Each structure stands twice: as structure tokens, then as C-alpha cells.
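# Breakdown of the fold
Residue-level listing of the chains:
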Amino acid sequence: MDARTITAKERMAIPRQEMPAQDPQVRIGNFNEVNLGLTPEQAQQEALRCIQCKDPVCIAGCPVSIKIDQFIKLIAEGDFMGAVRKIKEDNVLPSICGRVCPQEDQCEKVCVIGKKHKPVAIGNLERFVGDYERMSGQKIDPVIPAPTGKKVAVVGSGPAGLSCANDLAQYGHKVVVFEALHELGGVLMYGIPEFRLPKEIVREELEGLRRMGIEFRTDVVVGRTITVDELMEEEGFDAVFIGVGAGLPWFMGIPGENLVGVLAANEFLTRVNLMKAYDFPKSSDTPVFDCKGKNVAVFGGGNTAMDAVRTAKRLGAEHAYIVYRRSEKEMPAREEEIHNALQEGVEFLLLTIPLEFIGDEKAWLTGVKCQKMELGEPDDSGRRRPVAVPGSEYVLPIDMAIISIGNGSNPLIRQTTPDIEVSKKETIVVDVNTMQTSKENVYAGGDIVTGGATVILAMGAGRTAAAAINEKLAGTAKNFNEW
Amino acid sequence: MYRIVSAIFLAENIKKIEIEAPRIAKKRKAGQFVIVRINQNGERIPLTIADSNPETGTITIIAQGAGKSTRELNRKEAGDSIADVVGPLGTPSHIENFGTAVSIGGGVGTAIAYPTAAALKEAGNYVITINGARSKDLVILEEEMKAVSDEAYITTDDGSYGFHGFVTQKLQELIDSGKKINFVLAIGPIPMMRAVAEVTRPHGIKTVVSLNPIMIDGTGMCGGCRVTVGGEVKFGCIDGPEFDAHQVDFKNLADRNRIYQHEEKEADDTFAHQCNLTGQA
């Protein structure tokens, strides 16, 4: 079918293209990516489903306002490289966002086609375009603007920092990104598993930013190695964007939480994702708790909980449980991830809360005392509040517990930059229109501002900040010491 | 890559390594540590900064070969490089003029006791150091400790050098002799730190220990280093590594540090995991 001659009837007859995926029985034995990506034929078919609305509501549904209608039109016409160029005007990380954005709650949620049929698979098409550039071997050369002479430091190389850095570079500012870990990418590297987001893809998308002239410094902990004030006063940066993420795991505060075998999802995932502990001891020196034949319970119902439980399954857990206090409907995780976890044999213990962890004489975890819940009246969040069922306590035998109930904000920046205002929850307070903090020329965005959220929201904040920084930097440039 | 400027054995299996890391050298304070990663497949291991020189832009770490990573580190020579050095991490030691301060280092823990002793001296304290080791050939930093001490003692478990006995016995002796001690810092193996806490507790002497929990990122993100102090959960990497010895749940620390024992055993014996502050298993 031709994009120019297709009739409305023909268009509506095309089914939403299903992305091929690894068989669940096979994929629980490996860390390779689960979803295999649309074929070019599928992508073109899917793109033909888009009716090219005059007023595309999908764009309004996207925190970074990707020109969705335009890039999809180019795919429909078979101009895949054109689609790459179009998408990159707004999003430098299409392969990443195509994989990890909650499209069903954003662009696809408002898609007009979705009213009668399944919405256009915008996320899958974005992923296709991002992957197409990498696989085609043709790199689009970035257009590097004339330098403005201004320098901006970006703290944190996660989604917020990277999108901010990219926009700043496109405005012509010199950008240096500082990362505390030895690898760039933040949560994309340490938090999201290989089977959902291959690390090679993150590395390659970062390459695109390097070609923009952005510089990266790993192993720098802002707040310890150097402070925000020193970046501006001693290193000559005109502005600083803080995108350090949430990064301080919450625990439940129940008895036994410090037993051996109880750990935060961040630790478990960092060992496996960033440090490749699944290859221990062969090609990684970092160990991870040996899950083989063990019972592992993950507490929480978000995407991180799904990532952790599916990782435990792949590491050989006999039983891998999700323990969640509400019902599946209230789970914050993406539907697709819940579906994938169920397919992989993850057992969901819903309407269940842990009361206490139980250990043996050596302080090793042996079980968790749980209580069943039922849904009562809605609470402030509008979700029905879980209420304990009396007498329903029981002990679930487990060898490992992974706590995945969210993250507070990391204290290093606020401790060393006392003039940045923080909220009661210790997140950084910003003007939402500019992302400027209470400190002159210091901006912030992403999870450090919102608390744990999504990749695309962090990217949106990064872009907003970049635009505001660009407007602000009308003064004269400072001297800049090369890092 | 971070270049090694010098690397010399201080004792069998204990190596002093000076690494080019100008920003850390400039910034670092007593009590802080770095996380190093030897190569692309390496673990992130926390090691205390024993010394630094802002002029040459170098920091000194002292590592005891206990597992694969520290043994590999100990094979490095001047001119070699290691993949990553990040820091300085942790909250610096709280230094003030306490009056009489005792800094106790057990084994490679002396690498931490030394910079803090120096800082205590600088702050005007009357500094007593107790430098303990299993035997004479494992005593490290003897001259350095002496140089910052008003009184310096060596103890060896086997009596091959200095006082015959444990650091706690020497400390007890000092207390019993009627010496007024205002502050004690103890760094070494967990049983030693626990024993020191019990010696000073009845006398109400303010005592601080530097803990060595398992750690990955060192910035508060992973939560692996949580320790129980005064019944509360604290993060070793950002709240510590130094804590009030009389409040620390040492049993919990020792238990939690054993989590990867099984994996280590499963792996090659020569591949023992090592992930703590002092370089000890």
C-alpha cells in the first residue's frame, strides 16, 4: 500500500502490528532483549495506520513534544532516515525512549485511532526509527552551531541530564556532563535491565551526544569531588543543571529488614546491570546473591519491582514473587511489564503486606510474615486504601527479599549547597516553568525534583531547563578551565 | 585511567599505592575514602585514603590482598594504571581538640588511623597511637604514626615486636594507669573495634570507629552499606563511615558482611570477593 493512495477504509483495516518477542520459556534463561523490534515492513504498515490529524493530540501527550505525526509520515513513505532526522530534532535518545517510555499513558493514550481501534504504536515506531539509524550504519552528522562562549555544567548523565545537555549543545553552549559512576547513562545503565534496554544501545546513543561536542567526565561526585559553587566560581561554568536522580532507597522500617538477604532493588539491579554480576565469576568480579533454586520476593509494584523480579527469575529463582499491598489494577508498573513478568512465571501475591522479616541463628533471611489486605475506601490518591484482614497472617518462606518501594532524594548536593531550597520530602524546589532553583543560575530536573518518575518526564524537565538556561545566558562568558 | 606513581609493599600482602588523582588530592579530608575499580570487569571497592599530596596531585591508598580484586591491585606497579578512582567519599572525621586522643589501628586499619591521628595532632590534641598487628612483619606505618604521636605504642599478638598482646590490652593499661583519655578512634577488624568499644564504654570515653560495610556506588544510591547505629538504619557511605562505637550494632555489621560468602566459595578460591573499607576480608 502506498501512503499517498491508501483509502481510509484500507487504513482502518490494518491491524496494530505486534512486535516479535523472545519466547518466555527461552528468555528466562538469558539476559537478551525480550522485544525484538518491528521489521521495516511492519513499521511501514503501522505508520500507515496514522491518519495524520490536523491537530495531533499525541504531540501534546509527549513531554518532549516529538513531532510524532511528521516522523510517522516519513516512515509510512519509506523514508526511514528522514524519520530519524525528524525525531532527533526533539529527542536524542529515540531507541531508549521507544523502549522505556510509558507510551500507553502519554502519546498513545490520546491517539485518535485509539478511540475506535488500538492506538498507533507510536513507541514501537520511535524505537524502530532509533534502531534503524544504528543498524543502517549511517550516522546522521549533527549540525553544530556556532559557539556562544557560554559553558554549562550538567550534573548527572541520566535521562534529565542528557536531554538538557543535548539541547544546550544545540543552542551552541559548551556542555560538560559530570557523572558519579564509572559509566554514563544513570538509571539507564544501573537500573534498567539489559533484557529491557540493552546497554550497547545506551552507549551508542551517547556517542551521538559526543559528536555534538558534549564532554563527559565520569567518576566525579558533585557534592564530594567538587561542589556546585566551585563549578561556577572556580571552574567558570555560567550555569549548572542538576539531574542527579532520586538515588536514596527507601526501606519499609519493619523488623528484620537488616537481616542478611534483604536488599534494596537499587543494589540488586546495580550489581546485575551496571556490574554485570550475572557473568560472575567469569567476566565480572562483582557477585550477586545466588538465586538458583531459591525463593525471592520483591516488595513493590512499580517498574523497578518488575525489573528486579524478572532479573531474579533469570538468575534461576525457583519462586519469584511480587508482594504488593493493593491489587494488580493499582500497580504503578507498565501493563506491558506486568504482562511480561506473568508470562515469565512471576507469582503475584497481591493485597499482601509484609509485617516482619524472619531469620535464622546466623541472621540469614528465611521468611517473611505477611498479612492479607482488602480494599477499603479511596484515599487521597484516589486509589482504594488497603485494609488488613484480621487473622490472615502467614509466613512465606523466602531466601532473598528485594525492597522496591521507591527512592528518596540523595543528600549530597543539598548538604554541600545549602542555598538550594528543598521540600519537606527533600526534593529540590524549582520554578516549573524554568526549572530554576532558589539559587541563581542553578537549575534542576528529573527525579531529584519530582521523586521517582519516568525517563520521559525527566527528559522533558531537562529540555525545559535547557531552554530557560539558554534565555538566561545573555550576559558575558566567564573564563573556563578545561576539565 | 588513573596512573600509579609508586607502589611498594609495606608488609607481606600489604601494599601502599600512590595514585594520580588531583581533584581528590585537593579535596580529601581525614576519614574519607575512594572507590576504585581496577579494570573494565572489576568490582567497585572502597578503600580509605591514607594520605594525599595536593601539590603532586596524588593520593595514597593501602590495600591488603584478601580477595581477587585486592590481590590484583597489589600486583600493580608504578607506571601501571587503574580504571577508576572516585571520591573523596564519606563524611570526613569530626576533628576537634578533645584533649588526649588515642588513635588505634589494627592491621591495615592503621592506614585509616594514621591520617586521623595526624589531623587530631594538628588540632592540638595530645595524641597517643596504638598500632597493632599479628606479628612484627605485619606492622605498617610505624614511622608515620610515631611522627604524629606524643606517645606511640606497637602491639603484636605474638609478641614478636612491641607490647605482647592486643590493642585493647594496651588501651586498658593506659586507662588503668590513670591517664585521662578524652577520645578514642579505633579502626581495624570488626572484633577488634567491638572489643575497643567495650573497653571504653564503662569509662564513658567518646569512641569512634570507621566501619567497612559492603558498598557499590558510595553515594547513597544502592543502600548496600546500611548499618544499625543506635537502633537506627544508617548508610555507611554518606552518614559514615565513622560512627559512635558505643551505638554500633557490630553483630549486624559482621553478619551482613558475610552475604557473598557462598558466592565466593562457589567461585574459584583465588577469586574471593573483597568489598570493604579496610582491605580486610
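Note that the coordinates shown come from a computational prediction; the quantities given were computed from them, not determined experimentally. (Residues numbered from 1 in each chain as written. Chains lettered and ligands numbered in written order. Predicted model: local features only at pLDDT ≥ 70, side-chain atom pairs only at ≥ 80, totals over all residues. Heavy atoms only, no water.)

In this numbering, the UniProt entry assigns the feature "domain: FAD-binding FR-type" (unreviewed entry) to residues 1-95 of chain B. Segment residues 1-95 of chain B splits into 14% helix and 48% strand. End C-alpha atoms: 33 Å apart. (UniProt positions renumbered as here; feature names shortened; annotations may be inferred. Helix = DSSP H or I, 4+ residues; strand = E, 2+ residues; numbered from the N terminus.)

Glancing now at the packing of helix H5 (residues 68-76) of chain A against helix H6 (residues 80-88) of chain A. All names here are of chain A. At a closest axis distance of 7 Å, the pairing of H5 and H6 adopts a crossing angle of 170 degrees. Comparing the axis directions of H5 and H6 gives the class roughly antiparallel. Contacts between H5 and H6 involve Gln 70, Phe 71, Leu 74 and Ile 75 from the first element and Phe 80, Gly 82, Ala 83, Lys 86 and Ile 87 from the second. For the contact of H5 with H6, the residue count by class is 6 nonpolar, 2 polar and 1 charged. (Axes fitted to C-alpha atoms, helices over the stretch in contact; angles between N-to-C directions. Parallel < 35°, antiparallel > 145°, perpendicular 65-115°, else oblique. Contact = heavy atoms within 4.5 Å. Nonpolar A, V, L, I, M, F, W, Y, C, P; charged D, E, K, R; others polar.)

So, on to the UniProt feature "domain: Dihydroprymidine dehydrogenase" (unreviewed entry) in chain A. Following the UniProt record, one finds the feature "domain: Dihydroprymidine dehydrogenase" (unreviewed entry) at residues 28-136 of chain A. Note that residues 28-136 of chain A is 49% helix and 0% strand, and that its end C-alpha atoms are spaced 30 Å apart.

All names here are of chain B. Confidence along chain B averages 90 in pLDDT terms, with 94% of residues attaining 70 or more. For chain B, per-element mean pLDDT is lowest for helix H8 (residues 261-266), which scores 71, and highest for strand E16 (residues 242-244), which scores 97. Contacts for the low-pLDDT stretch residues 270-281, under 50 throughout, to residues beyond four places or in other chains number 61 contacts. For this predicted complex, the interface score ipTM comes out at 0.89, alongside a pTM of 0.90. (pLDDT = per-residue confidence, 0-100.)

Residue and element names in this part refer to chain A. Read across the sheet, 5 strands follow the order E3-E2-E1-E4-E14 without closing on themselves; strand pairing throughout is parallel. Each edge of the open sheet carries a strand with a single partner, namely strand E3 (215-217) and strand E14 (442-444). Taken over all neighbouring pairs, the strand axes of this sheet differ in orientation by 20 degrees on average, direction set aside. Two strands pair when backbone bridges link them, and strand E1 (residues 151-155) and strand E4 (residues 239-242) are joined in this way by 4 bridges, in the parallel orientation. Each residue of the ladder has a partner; that of Val 154, found in E4, is Phe 241. (Pairing = 2+ DSSP bridges.)

What follows concerns the UniProt feature "domain: FAD/NAD(P)-binding" (unreviewed entry) in chain A. Under the local residue numbering, the UniProt record ascribes the feature "domain: FAD/NAD(P)-binding" (unreviewed entry) to residues 150-462 of chain A. The distance separating the terminal C-alpha atoms of residues 150-462 of chain A is 18 Å; by composition the span is 27% helix and 23% strand.

Once that is clear, we can look at the sheet that holds strand E8 (residues 347-349) of chain A. Residues and elements named next belong to chain A. Overall, parallel pairing links the 5 strands, which are arranged E5-E13-E6-E7-E8 in an open sheet. The sheet is open, and its two edges are formed by strand E5 (262-264) and E8, each paired on a single side. Between one strand axis and the next, the sheet turns through 25 degrees on average, direction left out of account. Relative to strand E13 (residues 400-403), strand E6 (residues 295-299) is paired through 4 bridges, and the arrangement is parallel. Note that in E13 the partner of Val 298 across the bridge is Ile 402.

Right, let's get into the packing of helix H3 (residues 40-48) of chain A against H5 of chain A. Residue and element names in this part refer to chain A. For the pair H3 and H5, interaxial distance at closest approach is 8 Å and the crossing angle is 125 degrees. Comparing their axes, H5 and H3 come out oblique. For H3 against H5, the interelement crossing comes out left-handed. Each of Ala 43, Gln 44, Ala 47 and Leu 48 in H3 lies in contact with H5, whose residues at this interface are Ile 72, Ile 75 and Ala 76. Its residues placed into classes, the contact of H3 with H5 shows 6 nonpolar, 1 polar and no charged. (Left-handed = near helix turned anticlockwise from the far one by under 90°.)

Opposite charge on two side chains lets them pair, provided their charged atoms get close. Going through the model one piece at a time under the given rule, you end up with 52 salt bridges over all chains. Between Arg 310 of chain A and Glu 344 of chain A there is a salt bridge, with its nearest N and O atoms 3.0 Å apart. Of this pair, Arg 310 of chain A sits in helix H14 (residues 303-314) while Glu 344 of chain A sits in the loop between helix H15 (335-343) and E8, and the two are 34 residues apart along the sequence. Like Arg 310 of chain A, the residue Glu 344 of chain A is buried in the burial classification. Asp 255 of chain B is paired through a salt bridge with Lys 251 of chain B; the nearest N and O atoms lie 2.6 Å apart. (Salt bridge = Lys/Arg side-chain N within 4 Å of Asp/Glu carboxyl O. Buried < 20%, exposed > 50% of the residue type's maximum accessible area, 1.4 Å probe, protein only.)

Moving on to the packing of aromatic side chains. Residue and element names in this part refer to chain A. Using the criterion set out here, one finds 10 aromatic pairs over all chains in the structure. Residues Phe 80 and Phe 128 carry aromatic rings whose centres are separated by 5.0 Å and whose planes lie at 80 degrees to one another, so their mutual orientation is edge-to-face. Of this pair, Phe 80 sits in helix H6 while Phe 128 is found in helix H8 (residues 122-136), placing the two residues 48 residues apart along the sequence. With respect to burial, Phe 80 and Phe 128 carry one shared label: buried. Ring geometry for Phe 178 and Phe 237: centres 5.8 Å apart, planes at 85 degrees, overall edge-to-face. (Phe/Tyr/Trp six-rings, centres within 6.5 Å; stacked < 30°, edge-to-face > 60°.)

All names here are of chain A. Following the criterion strictly, the structure yields 0 disulfides over all chains and no others. Looking at the unpaired Cys 53, the closest cysteine sulfur is the one in Cys 50, lying at 6.3 Å. Judged by relative accessible area, which is 24%, Cys 53 ranks as partly exposed. Summary of cysteine pairing: Cys 111 is not part of a disulfide, and the nearest cysteine sulfur, belonging to Cys 58, is at 6.7 Å. Judged by its relative accessible area of 10%, Cys 111 falls in the buried class. (Disulfide = S-S within 2.5 Å.)

Glancing now at the interface of chain B and chain A. Reports often express the size of an interface as the amount of accessible area lost when the parts come together. Contacts between chain B and chain A engage 51 residues on the former and 49 residues on the latter. Interface area, chain B with chain A, both sides summed: about 4000 Å², of which 55% is carbon and sulfur. Area buried by chain B at its contact with chain A is led by Arg 23, Met 221 and Arg 226 of chain B, which between them contribute 18% of it. Here chain B and chain A share 4 salt bridges between them. For the salt bridge of Lys 27 of chain B with Glu 230 of chain A, the shortest nitrogen-to-oxygen distance reads 2.5 Å. For the side of chain B that touches chain A, the secondary-structure elements that each account for two or more residues are helix H1 (22-27), helix H2 (68-74), strand E7 (84-89), strand E14 (226-229), strand E15 (232-235), helix H7 (250-256) and H8 of chain B. Ranked by residues supplied to the side of chain B that touches chain A, first place goes to E7 of chain B with 6 residues. A class-by-class count of the residues in the side of chain B that touches chain A yields 19 nonpolar, 15 polar and 17 charged. (Buried area = accessible area lost by both parts, 1.4 Å probe.)

Turning our eyes to something else, we now look at the UniProt feature "binding site: FAD" (unreviewed entry) in chain B. Residues and elements named next belong to chain B. Per the UniProt record, the feature "binding site: FAD" (unreviewed entry) sits at Ile 62, Ala 63 and Gln 64. For Ile 62, the position within the fold is in strand E5 (residues 58-64). By relative accessible area, which is 4% here, Ile 62 ends up buried. When sequence neighbours within four positions are dropped, the list of residues in contact with Ile 62 reads Leu 10, Ile 14, Lys 15, Lys 16, Leu 47, Ala 50, Val 108, Ala 111, Ile 140 and Leu 141. In this fold, Ala 63 is placed in strand E5. The contacts of Ala 63, once residues within four sequence positions are left out, are Asn 13, Ile 14, Lys 15, Leu 47, Leu 73 and Asn 74.

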